[in-house]
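Chain by chain, the residues:
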Amino acid sequence: MLRKIMVTGACSNLGRSVVQLLEIQSNIEVVALAQDELDILDEEMVLLTVERLKPSTIINCAGFNDVAAAESRLATKLEVNTRGLCNLARAAAKFKVYLCSFSSKYVFNGKNSDPYDEDDDKWPLNQYGNSKHGGEEMVANQLENYLIIRSDLLYGGGGEDWVSRIKEELGAGRSLAVSDDFFIAPTYIGDLAAAAVALVSEWAAGVYHYTNDAGNGVSCYEFARTVAERAGLDSSLLKPTPMAEIDFGGPLNLPERAILGLDQFKKIFPSLVRPWQEALASYMG
Ligand SMILES: NC(=O)c1ccc[n+]([C@@H]2O[C@H](COP(=O)([O-])OP(=O)(O)OC[C@H]3O[C@@H](n4cnc5c(N)ncnc54)[C@H](OP(=O)(O)O)[C@@H]3O)[C@@H](O)[C@H]2O)c1
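Residues numbered from 1 in each chain as written. Predicted model: local features only at pLDDT ≥ 70, side-chain atom pairs only at ≥ 80, totals over all residues.

Undergrad: Could you give an account of the nonpolar core, with specific residues and numbers?
TA: Within the largest apolar cluster, 85 residues are counted, with the highest numbers of intra-cluster contacts made by Val-7, Val-18, Leu-99 and Ala-196. Looking at this core element by element, the count peaks at eight residues for helix α6 (residues 189–201). With residues up to four places along the chain from it excluded, the contact list for Val-18 reads Val-7, Ile-59, Cys-61, Ala-193, Ala-196 and Val-197. (Core = buried A, V, L, I, M, F, W, Y, C linked by C-beta atoms within 7 Å. Buried ≥ 20, exposed ≤ 12 C-beta atoms within 10 Å, placed from the backbone. Helix = DSSP H or I, 4+ residues; strand = E, 2+ residues; numbered from the N terminus. Contact = placed C-beta atoms within 7 Å.)

The following block contains the structure:
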């Protein structure tokens, strides 16, 4: 039977990858909606669209992800992570639709020395983390049949990202201060999209973590150095810098080592987890 999947925020970096993967599956009909086709902050339009299209599944790839900007001037844009997701959850509850959406490691405070399990205590340190945590709660409070996938720093997908920024700055001969005490599990967006499609195919429910495997985390500096070396750029232009000395345009609390544990995902799809170095190498060629 044909499964109808509605993708919101379909023009996001992640949305484009998800749509591409869904479109090659013969048993799936994809309806990809960019923001100008469905603004998820418009509650009435969300309800009308879900009623009209009658999808069995919604995959929400819309979001506001600028962690530094979220602290101040762009704070209202954060509503897409909370009220926008709440609108989708309300429509999903009304029309009995399975909803998948994406969250972030920023729901955690980064004080654990080991990777976080899905149900560890949430303790966001900044506005972005608050908005992702709030969105998760709104989904969980309204739905039983939902999937939340938390991830870490994404690259790839065609838009601007950390890899393109490093290449641009170093390529122009400019030095770049990069934190050596903020730890991440950098993740190729195509791998996250494949993981999401695999989970959605199984109607997986609840919260899952998915990143490329970085063990207990890699520093931003080490990641940037690896990007520079792979691109044949001068890695000495990268300046290892404590997070507290990096200019984010204002005060910003960051979770220094919020690494997402992958055990739950690995139990179902072990072959879809690969080391971050391998993912980066296959992306950069
Ligand atoms: N990027 C990361 O490092 C990262 C890490 C962990 C989790 N995530 C999560 O993964 C998801 C996708 O992230 P991404 O980096 O692919 O996003 P992205 O490229 O920054 O794109 C965000 C998209 O959301 C759309 N959007 C914003 N407000 C909207 C609204 N009211 N209605 C409908 N669409 C709206 C934007 O539309 P326009 O194109 O019209 O502006 C844009 O296409 C998000 O939930 C994000 O929190 C991202």
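Undergrad: I'd like to hear about the site of the ligand, residue by residue, with values.
TA: Around the ligand there are 23 residues in total, and Ser-12, Leu-14, Gln-35, Ala-62 and Gly-63 lie nearest to it. Among the secondary structure elements, those contributing two or more residues to the shell around the ligand are α1 (13–23), α3 (79–94) and β4 (98–104). Here the residues of the shell around the ligand are counted per class, giving eleven nonpolar, eleven polar and one charged. (Near = placed C-beta within 6 Å. Nonpolar A, V, L, I, M, F, W, Y, C, P; charged D, E, K, R; others polar.)

Undergrad: With reference to specific residues and values, describe the pairing of β4.
TA: Consecutive side chains along a regular strand alternate between the two faces of the sheet. Within β4, seven of the seven residues are buried, which leaves it mostly tucked inside the rest of the structure. Here four bridges tie strand β3 (residues 57–60) to β4, and the two strands are oriented parallel to one another. Note that in β4 the partner of Thr-57 across the bridge is Tyr-98. Bridge analysis of β4 against strand β5 (residues 146–151) gives six bridges, and the strand direction is parallel. Across the sheet, residue Cys-100 finds its bridge partner in β5, namely Leu-147. Once you follow β4 into helix α4 (residues 127–142) and on to β5, the crossover reads as right-handed. (Pairing = 2+ DSSP bridges. Right-handed = clockwise from strand over helix to strand, strands pointing away.)

Undergrad: Lay out α1 with the relevant residues and their values.
TA: The element α1 is extensively covered by neighbouring structure, given that eight of its eleven residues are classed as buried. When we look at burial in α1, the residues that qualify are Asn-13, Leu-14, Gly-15, Arg-16, Ser-17, Val-18, Val-19 and Leu-22.

Undergrad: Explain α3 residue by residue, including any values.
TA: The terminal C-alpha atoms of α3 lie 21 Å apart, and with 16 residues this matches the ideal 22 Å at 1.5 Å per residue to within 8%. Taken together, the buried positions of α3 are Val-80, Asn-81, Thr-82, Gly-84, Leu-85, Cys-86, Asn-87, Leu-88, Ala-89, Ala-91 and Ala-92. Contact partners of the buried residues in α3: β1 (3–8), α2 (43–53), β3, β4 and α4. Once α3 ends, the next one or two residues include Lys-96, with phi positive near 55°. (Expected span 1.5 Å × (residues − 1).)

Undergrad: Can you explain the sheet that holds strand β10 (residues 206–209)? Please cite residues and give values.
TA: Hydrogen bonds along the backbone pair up the strands of a sheet, which may run parallel or antiparallel. Strand order in the open sheet formed by six strands is β2-β1-β3-β4-β5-β10, with parallel pairing between adjacent strands. Edge positions in the sheet fall to β2 (28–33) and β10, since each has one partner strand and no second. Averaged over all pairs of adjacent strands, the angle between their axes in this sheet comes to 20°, without regard to strand direction. Contacting β3, β4, β5 and β10, α6 crosses the sheet at an angle of about 160° to β5. (Axes fitted to C-alpha atoms, helices over the stretch in contact; angles between N-to-C directions.)

Undergrad: For the packing of α3 against α4, give the residues involved together with the corresponding values.
TA: In contact at an axis separation of 8 Å, α3 and α4 are set at 15° when each is read in the N-to-C sense. As summarised for this structure, α3 and α4 are arranged roughly parallel, according to the angle between their axes. In this structure, α3 crosses over α4, and the sense of that crossing is right-handed. Every residue of α4 that contacts α3 at Asn-81, Thr-82, Leu-85, Cys-86, Ala-89, Arg-90 and Ala-93 is listed here: Ser-131, Lys-132, Gly-134, Gly-135, Met-138, Val-139 and Gln-142. Of the residues that constitute the contact of α3 with α4, the class distribution is six nonpolar, six polar and two charged. (Parallel < 35°, antiparallel > 145°, perpendicular 65-115°, else oblique. Left-handed = near helix turned anticlockwise from the far one by under 90°.)

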